[in-house]
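# Commentary on secondary and tertiary structure
Residues per chain, in single letters:
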Amino acid sequence: SISYILEDEKIFYEVGFKVLQNQEKYGLLKCGKLSQNGKIKLIYGVSKYKPLSALLPQISQQNFLFVVSRIYDIIKHVEENGFLRCENIEANIDRIFVDSEDLSVYMICLPVNTVSIHKDTQLFHENLKQVVLKAAESYPGLKSSEILSLIDNGKCAENGINKEIKPKWPVERDHT
């Protein structure tokens, strides 16, 4: 599991915490809450998933594109949700989790009432874009223009991102 300790309990966002309990189907990891030394500790169970960084050498380019499209579907859902903020999502290649069986993507969103990770939405999107572009470097044949197109479509598509991108079944892994 991954945990975070809130230094100031006043920033804990109870409504956001309750919303996170029902968001796994939308790609947000369920959050647990404990008290540790008088501080709030948030816990996310990730044991059944792999970080995207560990999966990159194992999945095909097509499946990587599918994972990227799912990431942007999750972001779109958070932006439409109203109770959670994408600025509080961990946009880090080691904190984006993938179910290696069906390529479902899961992300960590902190239930806090302040902007905790990224200063604003634009900075979050820029950071996520850089994370995705860096991950795309694992696929030498993949043009960054394809990834940029996917990212741009994800931010402005009405029904999520590019529905033509589907995983190859069974999930193909590159065995190198």
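Here the structure is shown first, and the text comes after it.
So, a few notes on the structure that sits alongside this text. (Residues numbered from 1 in each chain as written. Predicted model: local features only at pLDDT ≥ 70, side-chain atom pairs only at ≥ 80, totals over all residues. Heavy atoms only, no water.)

### A look at the overall build of the chain
Heads up, the rule is: What counts as a helix is a DSSP run of H or I of at least four residues, what counts as a strand is a run of E of at least two, and both are numbered from the N terminus. Classification of residues uses two cut-offs on accessible area relative to the type maximum, computed with a 1.4 Å probe and protein chains only: under 20% is buried, over 50% is exposed, and between them is partly exposed. Should any heavy atoms of two residues lie within 4.5 Å, those residues are considered in contact.
In terms of regular secondary structure, the chain is built from five helices and six strands. For the chain, the α and β elements follow one another from N to C terminus as β-α-β-β-β-α-α-β-β-α-α. Taken across its 176 residues, the chain has 47% of its residues classed as buried. Sequence separation of at least 24 residues holds for 73% of the intrachain contacts in the chain that already meet a minimum separation of 6.

### A closer look at the sheet that holds strand E6 (residues 105-107)
For the record, the criterion: Two strands qualify as a pair provided DSSP detects at least 2 bridges between them. Every axis in this analysis is a line fitted to C-alpha atoms, fitted for helices over the stretch in contact. Angles between the N-to-C directions lie between 0 and 180 degrees.
The strand order E4-E5-E6 describes an open sheet built from three strands, whose pairing is antiparallel. Each edge of the open sheet is held by one strand with a lone partner, namely strand E4 (50-51) and E6. Summarising the sheet, strand E5 (residues 96-98) and E6 pair through three bridges and their orientation is antiparallel. Along E6, the bridge assignment pairs isoleucine 96 with methionine 107. Where helix H3 (residues 61-81) meets the sheet, its contacts fall on E5 and E6, and the angle it forms with E6 comes to roughly 45°.

### Quick look at the pairing of strand E2 (residues 31-36)
Of the pairings in the sheet, the one linking E2 to strand E3 (residues 39-44) comprises six bridges and is antiparallel in character. Note that in E3 the partner of cysteine 31 across the bridge is tyrosine 44. Hairpin connection of E2 to E3: two residues between the antiparallel strands, including asparagine 37 at a positive phi of 50°.

### Regarding the pattern of salt bridges
Worth spelling out the cut-off: Throughout this description, the term salt bridge denotes a Lys or Arg side-chain nitrogen within 4 Å of a carboxyl oxygen of Asp or Glu.
Applying the stated criterion across every chain yields a total of five salt bridges. When the shortest N-O distance is used, the salt bridge between glutamate 14 and lysine 33 registers 3.9 Å. Taken as a pair, glutamate 14 in helix H1 (residues 14-20) and lysine 33 in strand E2 lie far apart in primary sequence, 19 residues in all. Lysine 33 sits in the partly exposed class, given a relative accessible area of 39%. For arginine 70, the salt bridge is made with aspartate 73, and the minimal N-O distance between the two is 3.4 Å. Taken as a pair, arginine 70 and aspartate 73 lie in helix H3 at a separation of three residues, close to a single helical turn. Each member of the pair arginine 70 and aspartate 73 is classed as buried.

### So, helix H4 (residues 121-136)
The test is simple: How far a helix is expected to stretch is found by multiplying one less than its residue total by 1.5 Å.
The terminal C-alpha atoms of H4 lie 22 Å apart, and with 16 residues this matches the ideal 22 Å at 1.5 Å per residue to within 8%. For H4, the complete set of buried residues consists of Phe124, His125, Leu128, Val131, Val132, Leu133, Ala135 and Ala136.

### Considerations on the nonpolar core
Spelled out, the test is: Nonpolar cores were defined as sets of buried Ala, Val, Leu, Ile, Met, Phe, Trp, Tyr and Cys residues, with membership established by side-chain atoms within 4.5 Å.
Counting 56 residues, the largest nonpolar core has Tyr44, Phe64, Ile71, Met107, Leu128 and Ile147 as its most contacted members. If you tally residues by element for this core, the top one is H3, at 10 residues. Not counting residues up to four positions away in its chain, the partners in contact with phenylalanine 64 are Leu56, Ile59, Val132, Ala135, Ala136, Tyr139, Leu142 and Ile147.

### Looking at the packing of H3 against H4
Inclusion rule: Working rule for angles: under 35 degrees goes down as roughly parallel, over 145 as roughly antiparallel, 65 to 115 as roughly perpendicular, anything else as oblique. Each residue receives one of three labels: charged for Asp, Glu, Lys and Arg, nonpolar for Ala, Val, Leu, Ile, Met, Phe, Trp, Tyr, Cys and Pro, and polar for the others, Gly being one of them.
Their axes nearest at 11 Å, the elements H3 and H4 cross at an angle of 170°. Between H3 and H4, the crossing angle belongs to the class labelled roughly antiparallel. Contact residues: H3 offers Phe64, Val68, Ile71, Tyr72, Ile75 and Glu79, while H4 offers Thr121, Phe124, His125, Leu128, Lys129, Val132, Ala135 and Ala136. Split into classes, the residues belonging to the contact of H3 with H4 amount to 10 nonpolar, two polar and two charged.

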